[in-house]
Number of protein chains: 2
Amino acid sequence: MKKEDVQLCLVTDSEMCHGRDLAAIVAAAVKGGCTMVQLREKKADTRTFLSRAYEIKEVLKGTHVPLIINDRIDIALAADADGVHLGQSDMPVEVARKLLGKDKIIGWSVETMEDIEKANQMDIDYIGISPVFATSTKTDTAHPFGITGTRQAAAMSIHPTIGIGGIHRENAREVMECGIDGIAVVSEIMLAADPEQAAKELNKIINNNLPQTTQTTQTFFI
Amino acid sequence: MKKEDVQLCLVTDSEMCHGRDLAAIVAAAVKGGCTMVQLREKKADTRTFLSRAYEIKEVLKGTHVPLIINDRIDIALAADADGVHLGQSDMPVEVARKLLGKDKIIGWSVETMEDIEKANQMDIDYIGISPVFATSTKTDTAHPFGITGTRQAAAMSIHPTIGIGGIHRENAREVMECGIDGIAVVSEIMLAADPEQAAKELNKIINNNLPQTTQTTQTFFI
């Protein structure tokens, strides 16, 4: 996984489709600049989840945008997705790594500073700082990190960092300025009248506020 | 898998524990003669499901009673269970077989005679005839097979057959007389005041009414 892959992650929510086609929303979001898609299906049965995974994989074919499956290793394996995103009540990371092999992406949600210390010892590819702000999309989340906590989390993590929870166009700059590598959104794209445009606007804000962690040494040939 | 493994299958339901310990109920049921345990967790999160799978695997250690995981290939792989039981809305059998390999047990629920024809072409180890009778345990089930349908299903199937749905001590003999190889129960053991005794009584009925499909040729040495 490239670090740039975490810049703008769309986390799907079928219940926000309201009759619109999930695949079409994902395609529009990717066209607008989403760099990662996390398919999340908390209520679908296995067969439905799998068929959505196949469908979204088809949408992402040729785009180099990784498909990440929320929670379900079986779906990730069956659809040969690029990886999984695991929360605190999902499969433990070490078990997931064993089942998925070393090449798949594993993202892990951290909810406290202690989690970040743990994450730094883990064989994972990125962390989701969750939630940055309180949100109505997920009701089972921990105490929000807030701006100060997100800044501390970004500084502490040895892995690429994605902020998630309550992030939208109006606060995305402030969140990116915490030094995180990207943001994940659900409703900001899923519920947007124009998902492509929403992704474009978010993408612009992110690109203008990326952390300058790698100071490139400029060599001048005179 | 031996055909005898399907004789008495306990399908678990944590919600029926009512404060009792699931592992203790399973242990008692196995002591009473259960030959297969299917761990079913329709509401638990992945981490809870996995820890229950580890726990039940420990209970079954050394008993030769196979641990079958309902629906979730990831849990089966992570816990190295003996197999999975798949319904019509779970992972398709061919995908499951690919992920699990040839040595794991795959059971498949059939709901119609057409399903049995399909099942006969599938790489599975047994079928669950579901439901034999209407039941309150599962509310998403198809039209019951009934006694006549179960007899036809048993005759049609090339795989070992387990009847499930509404079976208890009072009707187990009638169901076994349909020519099936075993029965699966949920509440009859999960809710029993004495799960070991319930399993014992069911086991006795089953053993007295096993199909005589293999007519052994007796050779007399004079």
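It should be noted that the structure appears before, not after, this text.
All values reported here derive from a predicted model rather than from experimental measurement. (Residues numbered from 1 in each chain as written. Chains lettered and ligands numbered in written order. Predicted model: local features only at pLDDT ≥ 70, side-chain atom pairs only at ≥ 80, totals over all residues. Heavy atoms only, no water.)

## Brief notes about the overall build of chain A
To keep things clear, this is the line we draw: Under the scheme used here, helices are H or I runs from DSSP no shorter than 4 residues and strands are E runs no shorter than 2 residues, and both carry numbers assigned from the N terminus. To sort residues, take the accessible area from a 1.4 Å probe on protein chains only and compare it with the maximum for the residue type: under 20% means buried, over 50% means exposed, and anything in between is partly exposed. The contact criterion used is simple: two residues touch if any of their non-hydrogen atoms lie within 4.5 Å. Only the protein chains shown count as cover for residues, and the accessible areas themselves come from Shrake-Rupley with a 1.4 Å probe. Just so you know, the count uses Lys and Arg for positive and Asp and Glu for negative, and it drops His and the chain ends. A charge is said to be at NZ when it belongs to Lys, at CZ for Arg, at CG for Asp and at CD for Glu.
Scanning chain A for helices and strands turns up 9 helices and 8 strands. Projected onto its principal axes, the C-alpha coordinates of chain A cover approximately 55 × 40 × 40 Å. Evaluated residue by residue, chain A yields a buried proportion of 56% over its 222 residues. Looking at chain A alone, contacts between residues at least 24 apart form 60% of all its contacts between residues at least 6 apart. Accessible surface for chain A amounts to roughly 10300 Å². Of this, 49% is attributable to carbon and sulfur atoms. Here chain A contributes 23 positive and 31 negative side-chain charges, whose respective centroids are spaced 3 Å apart.

## Quick word on the pattern of salt bridges
Residues and elements named next belong to chain A. For clarity, the cut-off: In what follows, salt bridge is the name for a side-chain nitrogen of Lys or Arg lying within 4 Å of a carboxyl oxygen of Asp or Glu.
All told, the structure shown has 38 salt bridges over all chains when counted by the stated rule. The salt bridge involving Glu58 is made with Lys61; its shortest N-O contact spans 3.9 Å. On the basis of relative accessible area, Glu58 is assigned to the exposed category, the value being 51%. For Lys61, a relative accessible area of 61% gives the class exposed.

## Things to note about unusual backbone geometry
Leaving glycine aside, a negative phi is the common case for residues, and trans is the common case for peptide bonds. Cis geometry is adopted by the peptide bond preceding Pro131(A), which originates at Ser130(A) and carries an omega value of -10 degrees. Inspection of the secondary structure puts Pro131(A) in the loop between strand E6 (126-129) and helix H6 (146-156). Residues other than glycine seldom take positive phi values, yet His64(A) does so here, at roughly 65 degrees. Of note, His64(A) is situated in the loop between helix H2 (46-60) and strand E3 (67-70). Of note in this structure, His18(B) is not a glycine but carries a positive phi near 45 degrees. Note on His18(B): relative accessible area 66%, which makes it exposed.

## Section: the interface of chain B and chain A
What counts is decided by this rule: For any pair of parts, buried area is found by adding up, for both, the accessible area (1.4 Å probe) each one loses once the two are put together. By the criterion applied in these results, polar contacts are pairs of N or O atoms within 3.5 Å in which, for protein atoms, one can donate a hydrogen and the other can accept it, and in which residues neighboring in sequence qualify only through two side-chain atoms.
The interface is formed by 19 residues belonging to chain B together with 19 residues belonging to chain A. Carbon and sulfur atoms make up 61% of the surface buried where chain B meets chain A, a total of about 1600 Å² over both sides. Applying the counting rule to chain B against chain A returns 2 salt bridges. Of the charged contacts in the structure, one is a salt bridge between Arg72(B) and Asp74(A), with a shortest N-O distance of 3.8 Å. There are 8 residue pairs in polar contact (both at pLDDT 80 or more) connecting chain B and chain A. Of all elements in the fold, only helix H2 (46-60), helix H3 (73-79) and helix H4 (93-100) of chain B reach the threshold of two or more residues within the side of chain B that touches chain A.

## Considering the relation of the copies chain B and chain A
Short version of the rule: Copy-to-copy alignment: least squares on C-alpha atoms, limited to residues at pLDDT 70 or above in both.
The operation relating chain B to chain A is a screw motion whose rotation component is 180 degrees, with 0.0 Å of axial translation and a residual RMSD of 0.0 Å. Both copies are brought into coincidence by an operation consistent with a two-fold rotation axis. For chain B, the minimum C-alpha distance to the rotation axis belongs to Asp74(B) and amounts to 2.3 Å. Here 100% of the interface residues in chain B have copies in chain A that are interface residues too; the copies meet face to matching face.

## Considerations on the sheet that holds strand E8 (residues 182-185) of chain A
Residues and elements named next belong to chain A. In plain terms, the rule: A pair of strands counts as paired when DSSP detects no fewer than two bridges linking them. Interaxial angle, 0 to 180 degrees, is taken between N-to-C directions of lines fitted to C-alpha atoms, where a helix line uses only the stretch in contact.
Taken in spatial order, the 8 strands of this closed barrel run E1-E2-E3-E4-E5-E6-E7-E8, and their pairing is parallel. For this sheet the average axis-to-axis angle between neighbouring strands, irrespective of direction, equals 25 degrees. Two strands pair when backbone bridges link them, and strand E4 (residues 83-86) and strand E5 (residues 105-110) are joined in this way by 4 bridges, in the parallel orientation. Within E5, the residue paired with Leu86 across the bridge is Trp108. Contacts from H2 reach strand E2 (36-39) and E3 within the one sheet, and its direction differs from that of E3 by about 160 degrees. Set on the sheet, helix H9 (residues 195-207) makes contact with strand E1 (8-11) and E8; between it and E1 the angle comes to about 145 degrees.

Function cannot be read off these values alone, since they describe shape.
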